[in-house]
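# Summary of structural features
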Amino acid sequence: MIPYFLIAPSLLFLGVLFLVPLVQTIALAFQVHGAWTTANFTTMADDINFHDAIVDTFAIVAIAVPLQLVLALGMAMMLRNLGRGRDIVLWIWSIPLGISDLAAGLVWLAILTDQGFLNTILLKLGLVSGPVSWLSYETPTALLIGIAFAELWRATAIVLVILVAGVQMLPKEYNEAADVFGASPWQRFIRITLPLLKPSIQTALILRTVLAFEMFAIVQAIGGRNFPVIVGEAFTWQYTNQNFGVAAAYAVVVMLVSLAATLVYLRALRTPREQIG
Amino acid sequence: MIRITTRVLAATMALSLPALTQPAQAEDMVFLSTQLRPVEEAQKMREIILKAGPVPTTYVADFPQVVPTRLAAEREGGKRTVSLVGALHGELQPLVTAGDLVPLDGLAAKLAGRGIPPALMELGKLGTAHQMYIPWMQATYIMVANRQALPFLPKGADINALTFEQLAEWSTAVQAATGKRMLGFPAGPQGLMHRFFEGFLYPSYTGGVVSTFRSPEAEAMWTEFAALWKTVNPNSTSYNFMQEPLLAGDVWIGFDHVARMLDALRQKPDQFVAFPAPAGPKGRGYMPIIAGLAIAQGAPDAKGADALIDYLSTPATQIKMAQTSGFFPVVTATLPDDLEPGLKLAVAAIARTQSAPDAKPSLLPIGLGTQGGAFDKIYLDTFQRVVLRGEKPRAVLDRQAEGLKKIIAETGAPCWLPDKPSQGPCPVE
Amino acid sequence: MKRSLYLAGVTMLCAWTLVPIYFLALGALGGRDLVNTFPKPFWPGSASLSTIRDFLAIDGVTAATIASVETACLCMLFSLVLGLPAGYALARFSFRGANAYRLLILLTRAFPVAILALPLTVGFIRLGVYDTPLGVSLVHTALALPFAVLVSSSLFQAVPRELEEAAWVFGCSKFQAARRIVLPLALPGIAAIAIFAFVISWNEVFAASVLTVRHRTLTAYLLTVLSESPLHVQFAGGFVLILPTVAFIYVVRKHLFAMWGISNR
């Protein structure tokens, strides 16, 4: 009974405030002018940007999330070995957490745009003779890489903070024992640290992936119309086209994709019963 | 440390208590506006214009897309906070359909002597029998060019009377000389590109907007525009406001809403020239931009809103608005001679647009209800397919026309200028 | 040798993080001219605080900042109060519906808030929290709750059961044991949750703009309009808005590292 009491407050909170709006909006996805139908999903699938939105969103998630995990793991391990000053370093590394989507988009646009900082550096290094366009629809690969890089910069801190908190809880006895038995640092990392970090890695991946599927403001700032993403399309259908049904359909797609990804993580990174507590 | 945190949290709670229980201030009237949103303009609106107004006003700037949602939510929730709404014609249209605005016939009668053109007052009826908004300010779309581009104008071309052909020649010449594509359009996600097609390209080439959507002239038009696009800066699909690329020198020739180019004209009036959009075979199409003031249904302070509309329609205030925003007066008011140089450029271009001998005014869509966005999307998708993706115009036009027919059928909207008037829904031939 | 490699890596990563922030500051201080020149200078020639000063002098900025701070603090409070017990439940008990609960918690995060705007606003008006920092903080709490629940759950899992059991043996009630033993040991997690809650609340624009009219948070007040302002004003705005979160993380940073306890790092 106890666990149910403990989760009750949060469930109650969400239920009272969000259940009704959520159900109403999901229902909207299946209605057109009050009649129950899947027409919204057909409209959505036939839309000129649908295919690109799906591909682009998945592409960024597939590129950015694994890279961020690896990078954040490396950074967390580096912090562990740093002595004094590690809190300052962590502070610096988590500054991107505080930057709003607008500012992040602004900065990366200023870096990647034709007359931006990247081209200035390349010009000074003599690698290009004039401004090069990285973000136009004529250079889709460069655009993808640019956006992935911006996402990498912006959101690695999320994974990092979760992992650092998790690393704090790792008992050092196992590591010391392995050291005594001659395990190399790499072996200690793979065999001891990583499995013990599984809960934190699972949490970090779930949260990061859900957030990644929702990305929109920074992508729009950098890519404009050239890089549609699912939530961006939902937003456009809701507000520019004033078609709430199709917008809700897109939102349902995002929701299902995120939940599916979460289920995958929950199964794949499940911690066996013995390890709990 | 936990103690400190608890203390901090307790202090915050104490500070927040007033916020938790705060009733809305009953004194200030809430003026919700989708125009004059940029930080500096909103600041000027508050300090210069509203401070001298008849009632204390709280000026709230909102994204245009959020306004129908907010008004609908306040209506359904039963508590209206907003009294006065200031927005563009197209943004006020769905509010009428939703029933969130009150008729202003009394106020319209009171303002009869101010000189608002009857055509604008008619637009203010939004297709109903009553006055639903009072015109507030007007503008149009113009083109701006960097003086460095002027030497490349085709021989014999008058910049104030260009044709699309001459524009293409000009842009090609600039590209040949500089090696870069220096023509720009606001084709970004918040750009007003759809207005270019609805109000400028279609009327100029085909003489209509809806009825001529898939005519042979339209096909020729799209083919020519696709060719013109080869000289357009590809970053145009990210441009929302042309003033930035113009100021940065990314673009030498640009088309946009006058208020979205004003910053460039104001900052460097010596570097730019402003001129009307080009003409096509059927004339020089242009679309006016009308912003209007409306009172929300169930407004907490309808009297105050009334008084503020009156105040905002006085010639003196209208002139102040013009100096702030780049929109121009709707009442009879002469702009002073000592206008800033940048503003002077814009005024002149607008005047030339409206008084051009081949001018073809293209009215704003009327009667589209909540389908305004879907209507715009038809044109934007056509642009994306034909120009950006290189599909064949005939096939795209036929397919898109089906969508257009559906919208017209659903809303029953009759034709509007420049299409010939129709009995019943506007036909797509 | 190894040590210097480490330090080089750390320095490079610090630089990678700070360079874009530097550009942001450059744009904010450099004024109109810098954002429009090419090649871009790396040092502000005529640095001036005027854009930033003008930005801060905008009517209503102080009130909006206070509203933002209130909202963010409420969000932190609610997230912790609601999330910590749930995290404990997930960590210590394996009960039916645990995974379903996790999915449910994520639902409000997985579904874009912007699409919920209309029914949410209607609901909030009816509850009487429209146009209050409390109302906005409730939405922000829903957005931060997945972080609170999942992070605290993964951290509580790492606190050995034996410590709690020992406390029970010595006469502590289960609640006391949880509060006095587990909670302090999981402090890094609590700090992380607080940071996420603050940052999420501070930077959230959409719900904050839709749900407020007169009492807007700073981001709702400015960001809705910033995207249409001239470029250098956008830089100034972006830069100013990042400072409070940076300051907050600075204040809380030490707590992300365990001070005492099982791993003693």
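First, a word on scope: everything that follows refers to the structure included in this document. (Residues numbered from 1 in each chain as written. Chains lettered and ligands numbered in written order. Predicted model: local features only at pLDDT ≥ 70, side-chain atom pairs only at ≥ 80, totals over all residues. Heavy atoms only, no water.)

## Looking at the overall build of chain B
On a plain count of helices and strands, chain B comes out with 16 helices and 10 strands. Its C-alpha atoms give chain B a radius of gyration of 23 Å, within 12% of the compact-globule value 22 Å for 429 residues. The buried share of chain B, taken over its 429 residues, is 60%. Looking at chain B alone, contacts between residues at least 24 apart form 75% of all its contacts between residues at least 6 apart. Of the roughly 15,800 Å² that chain B leaves accessible, carbon and sulfur atoms contribute 57%. (Helix = DSSP H or I, 4+ residues; strand = E, 2+ residues; numbered from the N terminus. Rg over C-alpha atoms; globule rule 2.2 N^0.38 Å. Buried < 20%, exposed > 50% of the residue type's maximum accessible area, 1.4 Å probe, protein only. Contact = heavy atoms within 4.5 Å. Areas by Shrake-Rupley, 256 points an atom, 1.4 Å probe, with all protein chains shown as cover.)

## Thoughts on the interface of chain A and chain C
Tallying the contact residues gives 102 residues for chain A and 102 residues for chain C. Carbon and sulfur atoms make up 77% of the surface buried where chain A meets chain C, a total of about 9,500 Å² over both sides. Among the residues of chain A in contact with chain C, F117, Q168 and M169 of chain A are the three that bury the most area, contributing 8% of the side total. The interface formed by chain A and chain C holds three salt bridges in total. Here R253 of chain C makes a salt bridge to D87 of chain A, at a shortest N to O gap of 3.2 Å. For the side of chain A that touches chain C, the element with the highest residue contribution is helix α1 (residues 2-29) of chain A, accounting for 17 residues. Across the side of chain A that touches chain C, the residue classes tally to 70 nonpolar, 22 polar and 10 charged. (Buried area = accessible area lost by both parts, 1.4 Å probe. Salt bridge = Lys/Arg side-chain N within 4 Å of Asp/Glu carboxyl O. Nonpolar A, V, L, I, M, F, W, Y, C, P; charged D, E, K, R; others polar.)

## Let's talk about the environment of P3 of chain A
Inspection of the secondary structure assignment puts P3 of chain A in helix α1. Between the C-alpha atom of P3 of chain A and that of Q238 of chain A, which follows or precedes it by 235 residues, the distance is 39 Å. Discounting chain neighbours no more than four positions away, the residues touching P3 of chain A are A89, F93 and F95 of chain C.

## A closer look at the pairing of strand β7 (residues 272-275) of chain B
Residues and elements named next belong to chain B. Burial along β7 is two-sided: F272 and A274 facing one way and V273 and F275 facing the other are all buried. Bridge analysis of strand β4 (residues 134-146) against β7 gives four bridges, and the strand direction is antiparallel. Counted as the bridge partner of M143 is F275 from β7. (Pairing = 2+ DSSP bridges.)

## Some words on helix α9 (residues 187-203) of chain C
The end-to-end C-alpha distance of α9 of chain C is 24 Å, a good match for the 24 Å that 17 residues give at a rise of 1.5 Å each. With 17 of 17 residues buried, α9 of chain C is to be regarded as a mostly interior element. (Expected span 1.5 Å × (residues − 1).)

## Here we look at the pattern of salt bridges
All chains considered together, the criterion is met by 31 salt bridges over all chains. The salt bridge involving R80 of chain B is made with D100 of chain B; its shortest N-O contact spans 3.3 Å. Separated by 20 residues along the polypeptide, R80 of chain B in the loop between α3 (66-77) and β3 (84-88) and D100 of chain B in the loop between α4 (89-98) and α5 (105-110) bring together distant segments of the chain. Pair check on accessibility: R80 of chain B and D100 of chain B agree, each one buried. Between R214 of chain B and D398 of chain B there is a salt bridge, with the nearest N and O atoms lying 2.7 Å from each other. With a gap of 184 residues between them, R214 of chain B in the loop between α8 (193-206) and α9 (216-229) and D398 of chain B in helix α16 (residues 393-411) connect regions that are remote in the sequence. Given a relative accessible area of 26%, R214 of chain B falls into the partly exposed group. Classification of D398 of chain B by relative accessible area gives partly exposed; the value is 27%. Each of the salt bridges in this network shares a partner with another, and the network as a whole consists of D101, E151, R154 and R208 of chain A.

## Some words on the layout of surface pockets
In this structure, the second largest pocket encloses a volume near 1,700 Å³. Looking at the second largest pocket, it is lined by 49 residues, and the ones nearest its centre are Q242, N243, F244 and V246 of chain A together with Q371 of chain B. Looking at which element gives the most residues to the lining of the second largest pocket, the answer is α16 of chain B, with eight residues. The residue makeup of the lining of the second largest pocket, split by class, is 18 nonpolar, 20 polar and 11 charged. (1 Å grid on protein atoms, 1.4 Å probe; cavity = no way out; pocket = protein on both sides within 12 Å on 5 of 7 lines; lining within 4 Å. Points joined across faces, edges and corners; volume = space filled by probe spheres on them.)

## Examining a nonpolar patch on the surface
Side chains of M1, Y4 and F5 of chain A sit close together on the surface and give an oily, nonpolar patch of about 390 Å² of accessible area. Residue position: Y4 of chain A is located in helix α1. (Patch = residues over 30% accessible without salt bridge, like charges linked within 9 Å, V, L, I, M, F, W, Y side chains within 5 Å.)

## Quick look at the nonpolar core
Residues F13 and W93 of chain A are the most contacted members of the largest nonpolar core, which totals 198 residues. The element contributing the most residues to this core is helix α7 (residues 140-167) of chain A, with 16 residues. Excluding its chain neighbours within four sequence positions, the residues that come into contact with W93 of chain A are M75, M78, L79, A157 and L160 of chain A together with V10, L13, C14 and T17 of chain C. Listed in part, the 147 residues of the second largest apolar core include L107, V210, M221 and F255 of chain B. (Core = buried A, V, L, I, M, F, W, Y, C linked by side-chain atoms within 4.5 Å.)

## Let's talk about the environment of A139 of chain B
Residues and elements named next belong to chain B. Position of A139 among the secondary structure elements: in strand β4. We classify A139 as buried; its relative accessible area is 6%. When the C-alpha atoms of A139 and G326 are compared, they prove to be 7.5 Å apart, with 187 residues separating the residues in sequence.

## Overview of the packing of helix α9 (residues 185-213) of chain A against helix α4 (residues 98-110) of chain C
Relative to each other, α9 of chain A and α4 of chain C sit at 30°, their axes nearing to 10 Å. On the basis of the axis angle, α9 of chain A is roughly parallel to α4 of chain C. α9 of chain A and α4 of chain C meet at a crossing whose hand is right-handed. For the pair α9 of chain A and α4 of chain C, contact is made by I206, L207, V210 and L211 of chain A and by L106, R109 and A110 of chain C, respectively. Its residues assigned to classes, the contact of α9 of chain A with α4 of chain C shows six nonpolar, no polar and one charged. (Axes fitted to C-alpha atoms, helices over the stretch in contact; angles between N-to-C directions. Parallel < 35°, antiparallel > 145°, perpendicular 65-115°, else oblique. Left-handed = near helix turned anticlockwise from the far one by under 90°.)

## Some details on the packing of aromatic side chains
Residue and element names in this part refer to chain B. Considering all chains together, one arrives at 48 aromatic pairs over all chains under this definition. When the ring of F197 is compared with that of F225, the centres are 5.7 Å apart and the planes differ by 85°; the resulting orientation is edge-to-face. Placement of the pair is F197 in helix α8 and F225 in helix α9, with a sequence separation of 28 residues. Each member of the pair, F197 together with F225, is buried. Plain terms: the ring middles of F213 and Y379 are 5.3 Å apart, the flat faces sit at 85° to each other, and that makes the pair edge-to-face. Here the residue F213 occupies a position in the loop between α8 and α9, and Y379 occupies one in helix α15 (residues 372-388), the gap between them amounting to 166 residues. (Phe/Tyr/Trp six-rings, centres within 6.5 Å; stacked < 30°, edge-to-face > 60°.)

## Observations regarding the interface of chain A and chain B
Contact with chain A, which involves 24 residues of that partner, is made by 29 residues of chain B. For the chain A and chain B pair, buried surface summed over both sides reaches about 2,300 Å², with 43% attributable to carbon and sulfur atoms. Ranking the residues of chain A by area buried against chain B places I48, Y137 and R225 of chain A at the top, with a combined share of 34%. Taken together, the links from chain A to chain B amount to three salt bridges. In this structure, R181 of chain B and E138 of chain A form a salt bridge, with 3.0 Å as the shortest nitrogen-oxygen distance.

## Comments concerning the side chain of T51 of chain C
Residues and elements named next belong to chain C. As for its placement among the helices and strands, T51 is situated in helix α2 (residues 50-56). Overall, the relative accessible area of 10% leaves T51 in the buried class. Residues within four places of T51 in sequence aside, it is in contact with A28, G31, H232, V233 and A236.

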